[in-house]
Protein chains: 2
Amino acid sequence: MEKTDVLIIGGSAGGIVAGITARRHYKDAKVTVIRKEKEGQELVPCGLPYIFGTVGAPEKNIMPDALLSGNNIDLIVDEATSIDREAKTVTTASAKSIGYEKLVLATGSAPIIIPIPGKDLENVFYAIKDVDYLNGLLKTLDGVKDVAIIGGGFIGLEFADEFKKRGLNVTIVELLPHCLQLVFDEDFCALAENKLRERGIDIKTNAQAAAVVGDKKVEGLRLTSGEELKVDLVFMGVGARPNTELGQKADLQMGETRAIWVDEYGRTSDKDIFALGDCAEKRSFFTKKPSALRLASIACTEARIVGANLFKLRRRNEGVIGSFATIIGDSGVGMAGLTETAAKAAGFDIVTSEVKTPDKHPGSIPGAKEFALKLVFEKATQQILGGQVSGGVTVGEAVNVLAALIQNRMTANQVATFQYGTHPFFTPSPIPYPIVNAADAALLKL
Amino acid sequence: MEKTDVLIIGGSAGGIVAGITARRHYKDAKVTVIRKEKEGQELVPCGLPYIFGTVGAPEKNIMPDALLSGNNIDLIVDEATSIDREAKTVTTASAKSIGYEKLVLATGSAPIIIPIPGKDLENVFYAIKDVDYLNGLLKTLDGVKDVAIIGGGFIGLEFADEFKKRGLNVTIVELLPHCLQLVFDEDFCALAENKLRERGIDIKTNAQAAAVVGDKKVEGLRLTSGEELKVDLVFMGVGARPNTELGQKADLQMGETRAIWVDEYGRTSDKDIFALGDCAEKRSFFTKKPSALRLASIACTEARIVGANLFKLRRRNEGVIGSFATIIGDSGVGMAGLTETAAKAAGFDIVTSEVKTPDKHPGSIPGAKEFALKLVFEKATQQILGGQVSGGVTVGEAVNVLAALIQNRMTANQVATFQYGTHPFFTPSPIPYPIVNAADAALLKL
């Protein structure tokens, strides 16, 4: 029987980072990753949408296996099918048995499939992380003109924008009154929707898919309103569910979000089995209640906690803040922490503060875009709870500035004197620098 | 006699923000700014270099006076010539006398003029914040081909790069072994120098200007080595000295850096007179020793402290961290906090950690550049002291992420689990996200 010190099931972002972190902190340990994806076929998860209008092929969106081999991490291409917790072994599809000291579940999630009629027709696609599948989608796109995207969240928007880059007619079908409504306040949803419409993307909100119509192939999408969209491809991007089968079969405790329960050190109900990323339950940084946020960056943060904690507890998970951004055309929108809506729903008494300014200075610098920012502060503690941003390509790091302020539980007064730097091409002017300016303005309401 | 509650001398970034902050925190106070620059002629300080190759005219680089009028701040265009501390009045060049309750000195700095022969010849220029002067430079540039820039710091590099955009032949003359050597470690100086050379800019380091050569106009620049550069314009960008004449005449205490001494609340030796920005002495966040860092962003931070403290102490200046970035072509370099060199010189026992990764992910996303990062941690406390960055346009906010981590005195272990977000177009991959990856690697040496 093969034996390893650290066995990681799953070779996507979280699995890789868990391996690298284990290697760093336990340099003599034998570290092994087992995954289904063949050598050279592990896709960059966040890059999936960008295959279709930007990079052009799944093969250009691959995580190099050198991330493993270069860190002296063994790779087994196989499928883990069961865990024997007492014997501390994992059995694989090819009937191999692998012994472990510490086991890490990084099995990720799978796209949710809405069980509507026609879901199995040809030309219905999902965000499935598989090179052959995505090449199939890529080839299909060459023969279609009209596409419906079910789901106006991040993944739906990103596929919509990329399909648009190919010249397709794209319609987003969103159940809620706004796209992105689960992650932004209405004002920022509206900003994002305006950008989508400027790009020529149709948006149908308050709209529910009833059936995919067609004989063999997709011919349309019928909504519950009775309206039928004439489309020849349907993409479902309505979220993901944690891959927990292995954990469930091994009787590991499940959490309230149907992900694998873990403690603040990343340990499951079995002290020798850790879980992280999309398959593991998260708790909110703010309320400590279960959170359904699933992001590659969160998986990597959890992997850095788990990788360091395997044989000795070194890092605690303080709960998920959430920091993310996306692009629409050449505009960016993003957020960190809680929105106004989420903060109120969680029971916080809050004030908000909004500012707008060009994202370069003077505004005559070519390419300057409007930078809009909304901050949320808790009244009781005056601490920053969240921020939403709209602008250009710098919003990705701008939300990380916010994440750093939030993580350190800075008060509005501290944020107002936060020592930022500025440059004409890179940031708004130092005078109305949005984060500090909004914080200073918020103080008057606190 | 005119009378105001808050009189601010100087209408650049610091003066404006002091006014806006005073207005916010003391809503009934009469706030007045007195400045020399006529209506509509206050230039954006950081935008100065970008007039020449990017925005095209000083008139496109103006701070709107609506920043004052829109905040109910009075503007007096005049020159303050003396302060009577006992009578609490300021006298102006037009013999006006203005009474104040609280006085704020935001008089800025002026370019240092190296006293070499030929410094007064036609076609020797400086970074002088004056519309007519800059229009004179702009006009002159149309008639020249070869330019020497004395000084390889930020301002010299920025003018060099903009002059290059006009198609001029540009040579930088730097006294030290490297450009930017006062703000970066050698490895990052070299990165910046390579980018300058790729842009076709000549660099002469270890080179000292001896004399500007010419009859009436510039014909060359002679170095102390004897070498003579044939140029028809010389730009001196060797730093700035604080404008302290008013303060000195009023017998305010001066600091070790020849700027006006202030306490941690921004008060000068006269409790009713505050000073901020380039004219005020700064102390290091790390050592509390005097610092010669002068940036518009620092002036604005100090202005937010002073503006809030005028009638009641509310905010303390914890000392200057320093966070800044610049552009060379379409590449960015920046830093926050202490370099390895500066940390060692200050007596810290430190470790450094360097990483490199594409600034987008996968690296096949168009426009991806190498993102290089170097972090400095103190051994005794494991706290982050500084970071240097090279990449694209996102470095401006990336140094602000660093500034936030530094300001919160986060340890390497905390930085390693900092909750960042990522996006293919905006940031490096979540797997090697540089800040956390470098921190995790640094832990092995701490």
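(A) View of the overall build of chain A. When helices and strands are tallied, chain A shows eleven helices and 24 strands. For 446 residues, the compact-globule formula gives about 22 Å, and the C-alpha radius of gyration of chain A, at 23 Å, lands near that figure. Projected onto the principal axes, the alpha-carbon positions of chain A cover approximately 65 × 60 × 40 Å. Relative to its 446 residues, chain A shows a buried fraction of 57%. Once local pairs closer than 6 in sequence are excluded, the contacts in chain A between residues at least 24 apart make up 65%.

(B) Expanded view of the domain arrangement of chain A. All names here are of chain A. Segmentation of chain A into domains returns domain 1 (2-110 + 241-309), domain 2 (113-238) and domain 3 (323-443). Here the C-alpha centre of domain 2 lies 29 Å away from the C-alpha centre of domain 1. On the domain 2 side, the residues contacting the eleven residues of domain 1 number 14 residues. Looking at side-chain class alone, the side of domain 1 that touches domain 2 contains eight nonpolar, three polar and no charged residues.

(C) Seen up close, the environment of B:Ile328. All names here are of chain B. Positionally, Ile328 belongs in strand 20 (residues 323-328). Separated by 94 residues in the primary sequence, Ile328 and Val234 have C-alpha atoms spaced 20 Å apart. The contact partners of Ile328, leaving out residues within four places of it in the chain, are Leu157, Asp161, Ala192, Lys195, Leu196, Arg199 and Val333.

(D) Region of the structure containing the sheet that holds strand 12 (residues 209-213) of chain B. Residue and element names in this part refer to chain B. Taking strand neighbours across the sheet as the criterion, the three strands line up as 12-13-14 in an open arrangement whose pairing is antiparallel. Looking at the sheet topology across the chains shown, the edges are occupied by strand 12 and strand 14 (228-229). By the bridge criterion, two bridges tie strand 13 (residues 220-223) to strand 14 in an arrangement that is antiparallel. Counted as the bridge partner of Arg222 is Glu228 from strand 14.

(E) Broad picture of the packing of helix 1 (residues 13-25) of chain A against helix 7 (residues 296-309) of chain A. Residue and element names in this part refer to chain A. Two elements in contact, helix 1 and helix 7, have axes separated by 8 Å at closest approach and are oriented at 30°. The angle between the axes of helix 1 and helix 7 places the two elements in the roughly parallel class. Pair helix 1 / helix 7 crosses with right-handed handedness. On the side of helix 1, the interface is formed by Ala13, Gly14, Val17, Ala18, Thr21, Ala22 and His25, while helix 7 contributes Ala296, Ala299, Cys300, Glu302, Ala303, Arg304, Val306, Gly307 and Ala308. Its residues assigned to classes, the contact of helix 1 with helix 7 comprises ten nonpolar, four polar and two charged.

(F) Region of interest: the interface of chain A and chain B. Each partner contributes to the interface: chain A provides 70 residues, whereas chain B provides 70 residues. At the level of secondary structure, the elements contributing two or more residues to the side of chain A that touches chain B comprise helix 1, helix 7, strand 20 (323-328), strand 21 (331-337), helix 9 (395-407), helix 10 (412-416) and helix 11 (434-443) of chain A. Take the side of chain A that touches chain B: its biggest share by element is eleven residues, from helix 9 of chain A. Of the residues that constitute the side of chain A that touches chain B, the class distribution is 39 nonpolar, 25 polar and six charged.

(G) Focus on the relation of the copies chain A and chain B. Between chain A and chain B, which share one sequence, the superposing operator has a rotation angle of 180° and an axial displacement of 0.0 Å; the RMSD is 0.0 Å. The superposition of one copy onto the other is thereby described by a two-fold rotation axis. Minimal C-alpha separation from the rotation axis in chain A is found for A:Val401, amounting to 2.3 Å. When the interface residues of chain A are mapped onto chain B, 100% of them are again interface residues, pointing to one common binding face.

(H) Broad picture of the nonpolar core. If you look at the biggest cluster of nonpolar residues, it comprises 301 residues, and the most contacted ones within it are A:Val104, A:Val234, A:Ile435, B:Val104, B:Val234 and B:Ile435. Excluding its chain neighbours within four sequence positions, the residues that come into contact with A:Val234 are A:Asn123, A:Val124, A:Ala148, A:Ile150, A:Val212, A:Val218 and A:Leu221.

(I) Just unusual backbone geometry, in detail. A cis amide bond, omega -5°, links A:His361 with the succeeding residue A:Pro362. Even without a glycine there, the phi angle at A:Asn206 is positive, about 50°. Under the C-beta neighbour-count criterion, A:Asn206 is labelled exposed, with 12 such atoms within 10 Å. Phi at B:Ala95 is positive, roughly 65°, even though this residue is not glycine. For B:Ala95, a count of 8 C-beta atoms within 10 Å puts it in the exposed group.

(J) Representation of the sheet that holds strand 11 (residues 202-204) of chain B within the structure. Residues and elements named next belong to chain B. The sheet built from five strands is open, its strands ordered 8-15-9-10-11 with parallel pairing. Whereas interior strands pair on both sides, the edge strands pair on one side only; in this sheet they are strand 8 (124-126) and strand 11. Here the strands of the sheet are splayed against their neighbours by 20° on average, with no regard to which way each runs. Across the sheet, helix 4 (residues 154-165) is in contact with strand 9 (146-150), strand 10 (169-173) and strand 15 (233-236); its angle to strand 10 comes to roughly 170°.

(K) Layout of the environment of B:Pro177. Residues and elements named next belong to chain B. Along the chain, Pro177 falls in the loop between strand 10 and helix 5 (186-198). Along the backbone, Pro177 and Asp5 are 172 residues apart, and their C-alpha atoms lie at a distance of 50 Å. Setting aside chain neighbours within four positions, we find Pro177 in contact with Thr205 and Asn206.

(L) Main features of helix 5 (residues 186-198) of chain A. Residue and element names in this part refer to chain A. For helix 5, which comprises 13 residues, the first-to-last C-alpha distance of 18 Å matches the rise-based estimate of 18 Å (1.5 Å per residue) to within 8%. Taken together, the buried residues of helix 5 touch helix 4 (154-165), strand 11 (202-204), strand 20, strand 21, strand 23 (370-378) and strand 24 (384-391). Once helix 5 finishes, Gly200 follows within two positions and takes phi at roughly 85°, a positive value.

How each quantity is defined
Residues numbered from 1 in each chain as written. Chains lettered and ligands numbered in written order. Predicted model: local features only at pLDDT ≥ 70, side-chain atom pairs only at ≥ 80, totals over all residues. Helix = DSSP H or I, 4+ residues; strand = E, 2+ residues; numbered from the N terminus. Rg over C-alpha atoms; globule rule 2.2 N^0.38 Å. Buried ≥ 20, exposed ≤ 12 C-beta atoms within 10 Å, placed from the backbone. Contact = placed C-beta atoms within 7 Å. Domains from an automatic or database assignment. Nonpolar A, V, L, I, M, F, W, Y, C, P; charged D, E, K, R; others polar. Pairing = 2+ DSSP bridges. Axes fitted to C-alpha atoms, helices over the stretch in contact; angles between N-to-C directions. Parallel < 35°, antiparallel > 145°, perpendicular 65-115°, else oblique. Left-handed = near helix turned anticlockwise from the far one by under 90°. Least-squares fit on C-alpha atoms with pLDDT ≥ 70 in both. Core = buried A, V, L, I, M, F, W, Y, C linked by C-beta atoms within 7 Å. Expected span 1.5 Å × (residues − 1).

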